[in-house]
Amino acid sequence: MSANRPAAVVVLAAGEGTRMKSKTPKVLHEIAGRSLVGHVVAAARELEPEHLVVVVGHAREQVRGHLEEHYAGTRTAVQEEQNGTGHAVRMALDELGRAPEGTVVVVCGDTPLLSGETLRALADTHAADGNAVTVLSAEVPDSTGYGRIVRDGSGAVTEIVEHKDATDAQRAIREINSGVFAFDGQLLADALGKVRTDNSQGEEYLTDVLSILREAGHRVGASVAADHREILGINNRVQLAEARALLNRRLIERAMLAGVTVVDPASVFVDVTVTFEPDAVILPGTQLLGATHIGEDAEVGPNTRLKDTRVGKGARVDNTVADSSVIGDSASVGPFAYLRPGTNLGARSKAGAYVEMKNATVGEGTKVPHLSYVGDATIGEYTNIGAASVFVNYDGETKHHTTIGSHCRTGSDNMFVAPVTIGDGAYTAAGSVITKDVPAGSLAVARGQQRNIEGWVARKRPGSAAAQAAQAAAGESAGES
């Protein structure tokens, strides 16, 4: 635990975000597998604060429900009316019931690129410099429209000047205010009681606390973010897409530096919860979502989407969609396979071209090579399922289970009408509809006898291309005899 553990982190997430033009609250829009507020909460938790409070307002029940489901232990405070950032922080302190003794970090709920490392540097700078308040700032290429950080000769912050109020000299400053702060909790609580509302919006501005504390003789400092892009807030869907691209690039670079080959980073998308082992290879057009894990030496892609799926060492997954599945070591999947939830492929198994599986356990070395549906089934080891097989698991009301043993060979174009069991070492003939259990080591044949009606085409399709071909073939046969 850090010596500079904050007494509290306050996340401001009460705004409506009208510029998103969405029925979804702004802070619940997602990038890389997390909501905007979820990214901020995750970064805040890296500080291990004694208290973590999210201020909610617009769509509060929806936001609160999201936090309860995904971020248990996070407290919420309600800002009934959006009366400014200072008012929002007051609501958070009211939720805590007292003025915190120690550091209070205030962050915005729409800054998904903000990292725990940057927040830690802010808290450390705040403690080391003995500031009453420390602003997280950033040096940007173009500071137009942002509040400028004005410092004195000692490096202390003297004021934050909004762009419209800045002089020409101040407009040349590239260090800007991020809206993220570290405060002395006691001084913050006292200063919030002195914030006025005599401004154009009639709101309590948190930034007014800085001038109140400085005028009282307290030091105001700043901590400069290493990457100015971390402080970017999201106000519309264009900015949402830009943040998604930046975060995705960060995640892919982290994976590559850890030993993962990503052939075309621009076409690969990953969630923050995806994990890799070294020497995995990710080919173009691949999406890795949720709690997906890619094992050592596995190759995934191209054009593959995996969600909550575990890929074993040395497995090959090509042009595949998989959800909540397990792909064993050295298994082969695709191309054009679909693994639905509950699929578990054993080591060195195969789900080949145009194979769909659901709630199926496939044993080691077993192959389902092509054009088949395997649903609600258990298949043993080193079995081969013939092409165009269907596990008929649904009777219109209830799903039923099929069990096929180890070292079986089932023919092409088989229908396994569940519930049914095929014993170890059994065979089934091509074109069979299996409705009864097959004992171990048996051959099951379930099809009608073939009957050839000679001359049918000539009689029923006279003059057709088929009849002409048959007549020619008959002539050739007669000539040979």
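Quick summary incoming for the structure in this document. In this text, all values refer to a predicted model and were calculated from it rather than measured experimentally.

Basis of the calculations
- Residues numbered from 1 in each chain as written.
- Predicted model: local features only at pLDDT ≥ 70, side-chain atom pairs only at ≥ 80, totals over all residues.
- Heavy atoms only, no water.
- Helix = DSSP H or I, 4+ residues; strand = E, 2+ residues; numbered from the N terminus.
- Rg over C-alpha atoms; globule rule 2.2 N^0.38 Å.
- Buried < 20%, exposed > 50% of the residue type's maximum accessible area, 1.4 Å probe, protein only.
- Contact = heavy atoms within 4.5 Å.
- Areas by Shrake-Rupley, 256 points an atom, 1.4 Å probe, with all protein chains shown as cover.
- Lys, Arg positive; Asp, Glu negative; His and termini not counted.
- Charge placed at Lys NZ, Arg CZ, Asp CG, Glu CD.
- 1 Å grid on protein atoms, 1.4 Å probe; cavity = no way out; pocket = protein on both sides within 12 Å on 5 of 7 lines; lining within 4 Å.
- Points joined across faces, edges and corners; volume = space filled by probe spheres on them.
- Nonpolar A, V, L, I, M, F, W, Y, C, P; charged D, E, K, R; others polar.
- Phe/Tyr/Trp six-rings, centres within 6.5 Å; stacked < 30°, edge-to-face > 60°.
- Lys NZ or Arg CZ within 6 Å of the ring centre and 35° of its normal.
- Salt bridge = Lys/Arg side-chain N within 4 Å of Asp/Glu carboxyl O.
- Axes fitted to C-alpha atoms, helices over the stretch in contact; angles between N-to-C directions.
- Parallel < 35°, antiparallel > 145°, perpendicular 65-115°, else oblique.
- Left-handed = near helix turned anticlockwise from the far one by under 90°.

## Remarks on the overall build of the protein
Okay, so step 1: Along the protein, the regular secondary structure elements total ten helices and 39 strands.
Okay, so step 2: Over its C-alpha atoms the protein spans a radius of gyration of 33 Å, topping by over 25% the 23 Å that the globule rule assigns to 481 residues.
Okay, so step 3: Projected onto its principal axes, the C-alpha coordinates of the protein cover approximately 115 × 45 × 40 Å.
Okay, so step 4: Burial status across the protein gives 46% buried among its 481 residues.
Okay, so step 5: Considering only contacts within the protein whose residues lie at least 6 apart along the sequence, 40% involve residues at least 24 apart.
Okay, so step 6: Surface exposure of the protein reaches about 22,600 Å², of which carbon and sulfur atoms provide 48%.
Okay, so step 7: For the protein, the distance from the average position of its 46 positive side-chain charges to the average position of its 59 negative side-chain charges is 6 Å.

## A closer look at the layout of surface pockets
Okay, so step 1: By volume, the second largest pocket amounts to about 400 Å³.
Okay, so step 2: Forming the walls of the second largest pocket are 23 residues, and the residues nearest its centre are Arg34, Leu247, Leu251, Arg254 and Val272.
Okay, so step 3: Sorting the residues of the lining of the second largest pocket by element identifies helix 1 (36–45), helix 4 (116–129), helix 8 (237–257) and strand 14 (275–276) as the ones contributing at least two each.
Okay, so step 4: Broken down by element, the residue count for the lining of the second largest pocket peaks at five residues, all from helix 8.
Okay, so step 5: Its residues placed into classes, the lining of the second largest pocket shows 13 nonpolar, four polar and six charged.

## A word on the side chain of Thr103
Okay, so step 1: With respect to the element layout, Thr103 can be found in strand 6 (residues 103–108).
Okay, so step 2: The exposure class assigned to Thr103 is buried, which follows from its relative accessible area of 15%.
Okay, so step 3: In contact with Thr103, not counting residues within four places along its chain, are Pro6, Ala7, Ala8, His126, Ala182 and Phe183.

## Comments concerning the packing of aromatic side chains
Okay, so step 1: By the definition in use, this model includes three aromatic pairs.
Okay, so step 2: Aromatic pair Phe181 and Phe183: ring centres 5.6 Å apart, planes at 40°, arrangement tilted. An identical accessibility class is assigned to Phe181 and Phe183; each is buried.
Okay, so step 3: On the numbers, 5.0 Å between centres and 45° between planes, the contact of Phe391 with Phe416 is tilted. In this pair, Phe391 sits in strand 32 (residues 390–392) while Phe416 sits in strand 35 (residues 415–417), placing the two residues 25 residues apart along the sequence.
Okay, so step 4: A relative accessible area of 0% places Phe416 in the buried class.
Okay, so step 5: Of note, Lys399 hangs over the ring of Tyr394, and the distance from its end group to the ring centre comes to 5.4 Å.

## Side note on the pattern of salt bridges
Okay, so step 1: Applying the stated criterion across every chain, the model contains 19 salt bridges.
Okay, so step 2: Across the pair Asp124 and Arg120 runs a salt bridge whose closest N-O atoms are separated by 3.8 Å. Remark: Arg120 and Asp124 occur in helix 4; sequence separation between them is four residues, near one turn of the helix.
Okay, so step 3: On the accessibility criterion, Asp124 (30% relative accessible area) is partly exposed.
Okay, so step 4: Looking at Arg120, the relative accessible area reads 17%, which means it is buried.
Okay, so step 5: One salt bridge in this structure joins Arg340 and Glu356, with 2.9 Å as the shortest N-O distance. You can see Arg340 sitting in the loop between strand 25 (337–339) and strand 26 (344–345) and its partner Glu356 sitting in strand 28 (residues 356–362), a full 16 residues away along the chain.
Okay, so step 6: Judged by its relative accessible area of 25%, Arg340 falls in the partly exposed class.
Okay, so step 7: Residues participating in the shared-partner salt-bridge network are Glu299, Arg316 and Asp318.

## Describing the packing of helix 3 (residues 85–96) against helix 6 (residues 185–192)
Okay, so step 1: Following both chains from N to C, one finds helix 3 and helix 6 inclined at 125°, their axes separated by 10 Å at the closest point. Relative to helix 6, the element helix 3 is oriented oblique. Between helix 3 and helix 6 lies a crossing of left-handed hand. Where helix 3 approaches helix 6, its residues Gly86, Val89, Arg90 and Leu93 are matched on the opposing element by Leu188, Ala189 and Leu192.
Okay, so step 2: Considering only residue class, the contact of helix 3 with helix 6 consists of five nonpolar, one polar and one charged.

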